[in-house]
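Per-entry structural report
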Amino acid sequence: MSKKIGILVGAFFALVISPLFLEAGVMAETYKAPADASNFYRSDKLDMIPVTFPNQYKMEMSGDLFLPKNLDRNKKYPAIIVGHPMGAVKEQSAVLYAQKMAEMGFVTLAMDLAFWGGSQGQPRNAVSPDLYAETFSAAVDYLGTLPYVNKDAIGIIGICGSGSFAISAAKIDPRLKAIATVAMYDMGEANRTGLKKSLTLEQRKAILEKAAKQRDVEFAGGQLLYTSGTPHEITAKSSPIEKEFYEFYRTPRGEVTPPGMTDATTTHPTLTSNVKFMNFYPFNDIETISPRPMLFITGDRAHSREFSEEAYKLAAEPKELVVVPGAGHVDLYDRTGLIPFPKLEEFFKKNLK
């Protein structure tokens, strides 16, 4: 890995996650993707239309719109917006979900969050929880202009970190009528205290101090520094969670390098912006989303399960928690044999009318 690009690969994992688990001991060359891993699924039942639309701050957002081939453009259909995992792009998980839901008769939009993939925002890979939530609202703006979309029946699926951004958006945008999260990460809590409260206050302050000093470096014209994200190699000392993410993001199973990026920077947010997550509290006031329904999907083996369970506990009715047997966190990105698409279909057909 080039030192010139200044990546702090694995800093978050080293401080937060790795101490919780035994060594993985699995090298990359031994990996074989599960038979039902279908991140790059392409449906012959749909039309895909690349689209762009402005957010409220006049930044162009990028998305893929999926329409059933038998769509009657003289009718109005419910629509679903799909947000990708944190550090990913729409081609990683979101496009799969959008296609599967479009096959069920919905108009769907898989989108890139601001600063990621095809959406605008500089520097690339910057963290802005407010602008991430704004991307969902901008998608509602756009879908509401389509003559074949019922603008009063728009729902949302947030995968991994986008689950917390979807909740943040739904709290202030009542046009989002039904909210589902899958393998959700509360990106605020994950950065403040880590998984299972493993990050100490002293460690948090050290991260903030490093980011503050790096702001001085970058203001003076120094190179960007990136942090966390997915490791670029697996060793005998790698944790199971590092291995889990590597198997998706660094192998043909799910690897994507967007235009203008390099393999070395994909999945890595900038250090100076990543600390903004420490001021992000998506579950505060989550009960105010009621009476709009919420569905939380997690795996019984998912290391992120604690976040879905906490959100479910705090949310008001109507709400539902679905725990998928045998599923880990990344399994719910692309393993079509485990992702409960029939449950998502039931949820949205019931609540988007």
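This report concerns the structure included in the present document. (Residues numbered from 1 in each chain as written. Predicted model: local features only at pLDDT ≥ 70, side-chain atom pairs only at ≥ 80, totals over all residues. Heavy atoms only, no water.)

**Focus on the layout of surface pockets**
Put simply, the test is: Using a 1 Å grid laid over the protein atoms alone, points where a 1.4 Å probe fits but cannot get out form a cavity; open sets with protein on both sides within 12 Å along at least 5 of 7 lines form a pocket; any residue with an atom within 4 Å of a point counts as lining. Grid points are joined across faces, edges and corners, and a volume is the space filled by probe spheres set on the points. What counts as a helix is a DSSP run of H or I of at least four residues, what counts as a strand is a run of E of at least two, and both are numbered from the N terminus. Ten residues, namely Ala, Val, Leu, Ile, Met, Phe, Trp, Tyr, Cys and Pro, are considered nonpolar, four, namely Asp, Glu, Lys and Arg, are considered charged, and the remaining ones, Gly among them, are considered polar.
Roughly 390 Å³ of internal volume is contained in the largest pocket. Lining the largest pocket are 20 residues, and of these Pro240, Glu244, Arg301, His303 and Gly328 sit closest to its centre. Mapped onto the lining of the largest pocket, the elements with two or more residues apiece are α7 (240-249) and α9 (305-314). At five residues, the largest contribution of residues to the lining of the largest pocket is made by α7. Grouping the constituent residues of the lining of the largest pocket by class yields seven nonpolar, three polar and 10 charged. When its volume is computed, the second largest pocket comes out at roughly 260 Å³. Where the lining of the second largest pocket is concerned, the elements lending two or more residues are α3 (129-143) and α4 (162-172). At five residues, α3 tops the list of elements feeding residues into the lining of the second largest pocket. The class makeup of the residues in the lining of the second largest pocket is seven nonpolar, four polar and five charged.

**Some points on the nonpolar core**
This is how the line gets drawn: To form a nonpolar core, buried Ala, Val, Leu, Ile, Met, Phe, Trp, Tyr and Cys residues must be joined to one another through side-chain atoms within 4.5 Å. Only protein chains enter the area calculation, which uses a 1.4 Å probe; residues under 20% of their type maximum are buried, those over 50% are exposed, and those in between are partly exposed. We call two residues contacting when some pair of their heavy atoms lies within 4.5 Å.
Counting 98 residues, the largest nonpolar core has Leu65, Tyr97, Val107, Leu143, Ile157, Leu344 and Phe348 as the members making the most contacts within it. Broken down by element, this core gets its largest block of residues, nine residues, from α3. Once residues lying within four places of it in the same chain are set aside, the contact partners of Phe348 are Ile80, Met101, Phe106, Gly155, Ile156, Ile157, Ala178 and Ala180.

**Re the packing of helix α2 (residues 94-102) against helix α11 (residues 341-351)**
For the record, the criterion: Under this scheme, a helix contributes an axis fitted over its contacting stretch, all axes are lines through C-alpha atoms, and angles between N-to-C directions fall in the 0 to 180 degree range. For classification purposes, angles smaller than 35 degrees are called roughly parallel, those larger than 145 roughly antiparallel, those between 65 and 115 roughly perpendicular, and all remaining angles oblique. In this scheme the handedness of a crossing depends on how the near helix is turned from the far one: anticlockwise by less than a right angle means left-handed, clockwise means right-handed.
As a packed pair, α2 and α11 sit with axes 10 Å apart at the nearest point and diverge in direction by 60°. Comparing their axes, α11 and α2 come out oblique. Seen along the crossing, α2 lies across α11 with a hand that is right-handed. Residue-level inspection shows Tyr97, Lys100 and Met101 of α2 in contact with α11, the latter providing Phe341, Leu344, Glu345 and Phe348.

**Observations regarding the side chain of Thr251**
The test is simple: Pairs of N or O atoms are called polar contacts if they sit within 3.5 Å, as long as, within protein, a hydrogen donor faces a hydrogen acceptor (for residues adjacent in sequence, only side-chain-to-side-chain pairs).
Mapped onto the elements, Thr251 comes out in the loop between α7 and α8 (271-274). Looking at Thr251, its side chain comes within polar contact range of the main-chain oxygen of Glu247, at 2.6 Å.

**Quick look at the packing of aromatic side chains**
The condition is simple: Geometry of aromatic contacts follows a simple scheme: Phe, Tyr and Trp rings, the Trp one being its six-membered ring, pair when their centres are within 6.5 Å, and the pair is stacked under 30 degrees between planes, edge-to-face over 60, tilted otherwise. Any Lys NZ or Arg CZ found within 6 Å of a ring centre and within 35 degrees of that ring's normal is scored as a charge over the ring.
Enumeration over the complete set of coordinates arrives at 14 aromatic pairs. An angle of 15° between the planes, with centres 5.4 Å apart, marks the rings of Phe53 and Tyr142 as stacked. Of this pair, Phe53 sits in strand β2 (residues 46-54) while Tyr142 sits in helix α3, and the two are 89 residues apart along the sequence. Note on accessibility: Phe53 and Tyr142 belong to one class, buried. Members of the aromatic cluster, connected to one another through ring pairs, are Tyr132, Phe165, Phe277 and Phe280. The ring of Tyr41 has Lys100 lying over it, and the distance from NZ or CZ to the ring centre is 4.0 Å. When the ring centre of Tyr281 is taken as origin, the NZ or CZ atom of Arg192, which lies over that ring, is 3.7 Å away.

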